Amino acid sequence: MPMTDRPDSSDAPAYVRSPSLGFFASLPVDRALVRYDLAGSVAHVEMLHRQGLVPAEDARAIAAGLRRIAGEVRSGEFPWRDALEDVHTNVEHRLAALVGPAAGGRLHTARSRNDQVALDERLWLRSAVRSVATGLVALQEDLVALARRLRSAPMPGFTHLQHAQPVTVGHHLLAHVWRLARDLDRLGDCLRRSDVSPLGAGALAGSTLPIDPAWTAERLGFAGTFENSIDAVSDRDYFAEFLFDLALLAVHLSAFAEELVLWASREFAFLAPVPELGGGSSLMPQKRNPDVAELARAKSGRVLGDLVALLTVLKGLPLAYDRDLQEDKPVVFDAAAAVDGTLAALHRLVPALRFDLPRLLDAAQDAGLQATDRAEALVAAGVPFREAHVRVGESLAAGGPTGTAPPSGAPPVAAALERRASPGGPGPVALDRQFARVDAMLARARESLSELVRKDGRVDAILTEGEA
Ligand code: ARG
């Protein structure tokens, strides 16, 4: 059914049927929460029954109705109704149609849309982190595989985008892998702090009925339940943190993409113009544009914007729930989609990258790259570093512009790399150790990812129980 703001001729209240319906509606966005909403409702009605608040027969009918709705959503048959404003009312309305208003009317006992939406969001976040983490680990694996192939391929290392010291392509690529490792770590932290069920906080002050929030928390796979009902319905820290984590990840991907753009330029020419990088120009026959890298670079813009938008929505909100909070979802969903898309695009691109090794070697043979090494050789012979620095600087000045012609006797870059044995550096021995650590890090990442996949499976498990 097409999503429009067209008024619905239903029993909905007048303000909802008004032409400004789109202003109130969250359905076009929050229907993405429906699976989580349904699983949360199944857990809720089970708890209500255990606590003697809903008769067994009604509880069974409600749970079956909710699972049937899950099937309708999956097959695309669910009758979404714009006039019903959001995902929660759509589900409740459909449930009443399936099981009758008397039974259906019991589901919302001791629950408000305020704790309900917070629950849905936290369950959604699990899946979203799972998706981003999956893409992140895949990209890390691509980069590590490429780094292994090019582990000893020399290239100039840059500071200020100027030739600085010799490194290898492998060492350079692993720098990106470690950034991404911290991103993954941060997402795990975010999930750990968000691993709290808000269900049972009600509108803001719990309930007079004997509910059991710990039971629903456990049923839905949460580590614990909320400490304060006001905090539970107003907290959006999990989304703010997630957006920051995505923003920094997007910044890292953008910086990597920027290097690809530079390296693909004729001035650098470190990369061959493989078709996976992008297409040609519609006007200039000779052009090959690095479109994929450019788009990866640009997507970070909206993710940063999404973070600022959410923080601005949250700033100055009085406790507890405010309708402003409805505006959290569009930006969070947008950022997650942008990052997922960027990771997928880079996952296709990175294994296809072709480095021009002779060109890299040529650039790395720039003798200026070894100026520091020459100063360090003097230091090893007892000269104070500052004096060695001046001496080498003067000899470079006498020999013409830095880094054009190698001065006679400049050692080949491979030997220079060989000597860089300091820990974490680009020398072969240090690089061996680094690869071992990267492999161990990736093994741990894969393990936490499969744990997350298991935990995220809880929602589907609840919705398909008794189907087999
Ligand atoms: N659509 C709302 C949201 O996304 C659900 C909660 C509405 N709560 C309320 N008291 N109106 O935040």
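See the structure above.
Residues numbered from 1 in each chain as written. Predicted model: local features only at pLDDT ≥ 70, side-chain atom pairs only at ≥ 80, totals over all residues. Heavy atoms only, no water.

**Student:** Please clarify how the overall build of the protein chain should be interpreted in this entry.
**Tutor:** Looking only at helices and strands, one finds 19 helices and four strands in the protein chain. On C-alpha atoms alone, the protein chain measures out to a radius of gyration of 29 Å, which is more than a quarter above the 23 Å that the 2.2 N^0.38 rule sets for 468 residues. In terms of overall dimensions, the protein chain has C-alpha extents of about 95 × 50 × 50 Å along its principal axes. Split into buried and exposed, the 468 residues of the protein chain put 48% on the buried side. Nonlocal contacts in the protein chain, meaning residues at least 24 apart in sequence, comprise 79% of its contacts between residues at least 6 apart. On the protein chain, the mean spot of the 51 positive side-chain charges and the mean spot of the 60 negative ones are 4 Å from each other. (Helix = DSSP H or I, 4+ residues; strand = E, 2+ residues; numbered from the N terminus. Rg over C-alpha atoms; globule rule 2.2 N^0.38 Å. Buried < 20%, exposed > 50% of the residue type's maximum accessible area, 1.4 Å probe, protein only. Contact = heavy atoms within 4.5 Å. Lys, Arg positive; Asp, Glu negative; His and termini not counted. Charge placed at Lys NZ, Arg CZ, Asp CG, Glu CD.)

**Student:** Help me understand the site of the ligand in this model?
**Tutor:** Neighbouring residues of the ligand: S26, D30, D86, H88, R113, N114, V117, Y321, Q326 and K329. In this structure, N114 approaches the ligand through a side-chain N or O atom, which is 3.0 Å from a nitrogen atom. Measuring from an oxygen atom of the ligand, one finds a side-chain N or O atom of Y321 at 2.5 Å. For the ligand, whose free accessible area comes to 340 Å², the fraction covered by protein is 87%. With three residues, helix α8 (residues 113-149) is the single largest residue contributor to the shell around the ligand. Taken together, the residues that form the shell around the ligand break down as two nonpolar, four polar and four charged. (Near = heavy atom within 4 Å. Polar contact = N/O pair within 3.5 Å; in protein donor to acceptor, adjacent residues only side chain to side chain. Areas by Shrake-Rupley, 256 points an atom, 1.4 Å probe, with all protein chains shown as cover. Nonpolar A, V, L, I, M, F, W, Y, C, P; charged D, E, K, R; others polar.)

**Student:** I'm lost on the pairing of strand β2 (residues 162-168) in this one. Help?
**Tutor:** Strand residues, when the strand is regular, have side chains that alternate between the two faces of the sheet. Of the strand pairs in this sheet, strand β1 (residues 154-159) and β2 are connected by six bridges, and their pairing is antiparallel. Counted as the bridge partner of F158 is H163 from β2. Following β1, the chain reverses through two residues before pairing antiparallel with β2; H160 in that reversal takes a positive phi of roughly 55°. (Pairing = 2+ DSSP bridges.)

**Student:** Help me understand unusual backbone geometry in this model?
**Tutor:** At the junction of L319 and A320, the peptide bond is cis and its omega measures out at 0° in the coordinates. As for its placement among the helices and strands, A320 is situated in the loop between α13 (291-314) and α14 (328-349). Within the chain, H160 stands out as a residue other than glycine whose phi angle is a positive 55°. Position of H160 relative to the elements: it lies in the loop between β1 and β2. Given the relative accessible area of 73%, H160 is considered exposed.

**Student:** Please explain the layout of surface pockets as it appears in this structure.
**Tutor:** Rolled over the atoms, a probe with the dimensions of a water molecule shows which regions are left empty. Volume-wise, the largest pocket comes out at about 550 Å³. Every residue lining the largest pocket is counted, 20 residues in all, and those nearest its centre are L184, G188, S448, L449 and L452. Breaking the lining of the largest pocket down by element, the ones donating at least two residues are α8, α9 (169-193) and α19 (428-464). Here the residues of the lining of the largest pocket are counted per class, giving ten nonpolar, two polar and eight charged. When its volume is computed, the second largest pocket comes out at roughly 360 Å³. Lining the second largest pocket are 16 residues, and of these A264, S265, R266, P273 and R288 sit closest to its centre. Class assignment of the residues belonging to the lining of the second largest pocket gives a composition of eight nonpolar, five polar and three charged. (1 Å grid on protein atoms, 1.4 Å probe; cavity = no way out; pocket = protein on both sides within 12 Å on 5 of 7 lines; lining within 4 Å. Points joined across faces, edges and corners; volume = space filled by probe spheres on them.)

**Student:** Any chance you could explain the side chain of E121 here in plain terms?
**Tutor:** Examined against the element boundaries, E121 turns out to sit in helix α8. Judged by its relative accessible area of 0%, E121 falls in the buried class. Non-local contacts of E121, meaning those with residues more than four positions away in its chain, are made with L33, R236, Y238, F239, D328 and K329.

**Student:** What should I look at first to understand the nonpolar core in this one?
**Tutor:** Where a protein is soluble and globular, its nonpolar side chains tend to be buried together. Of all hydrophobic cores here, the largest spans 114 residues; its most connected members are W124, L125, F242, L246, V332 and F355. For this core, the element with the most residues is α8, which contributes 17 residues. Apart from the residues within four sequence positions on either side, L246 is in contact with V132, V303, A335, A336 and V339. One finds A371, A375, V383 and L396 within the second-largest nonpolar core, a separate group that totals six residues. (Core = buried A, V, L, I, M, F, W, Y, C linked by side-chain atoms within 4.5 Å.)

**Student:** Would you explain α19 in this entry?
**Tutor:** Given 3.6 residues per helical turn, the α-helix brings residues three or four places apart onto the same face. Here α19 is 37 residues long and its end C-alpha atoms lie 53 Å apart, about the 54 Å a rise of 1.5 Å per residue gives. Along its length, α19 reaches its greatest deviation from straightness, about 35°, at R458. Just downstream of α19 lies G466, where phi reads positive at about 75°. (Expected span 1.5 Å × (residues − 1). Bend = angle between axes of the 7 residues up to and from the residue.)

**Student:** Any chance you could explain the pattern of salt bridges here in plain terms?
**Tutor:** Pairs may arise between side chains of opposite charge once their charged atoms sit close together. In total, this model carries 29 salt bridges according to the counting rule given. Put simply, E141 and R446 hold a salt bridge, and the shortest N to O gap is 2.5 Å. With E141 in helix α8 and R446 in helix α19, the pair connects residues that are 305 residues apart, well separated along the chain. The exposure class assigned to E141 is partly exposed, which follows from its relative accessible area of 31%. R420 is the partner of D373 in a salt bridge, and the nearest nitrogen-oxygen pair spans 2.6 Å. Taken together, the residues D373 in helix α16 (residues 371-380) and R420 in the loop between α18 (413-419) and α19 connect sequence positions 47 residues apart. The same class applies to D373 and to R420, which are both buried. Overlapping salt bridges, with partners in common, bring together E46, R67, R219 and E465 in one network. (Salt bridge = Lys/Arg side-chain N within 4 Å of Asp/Glu carboxyl O.)

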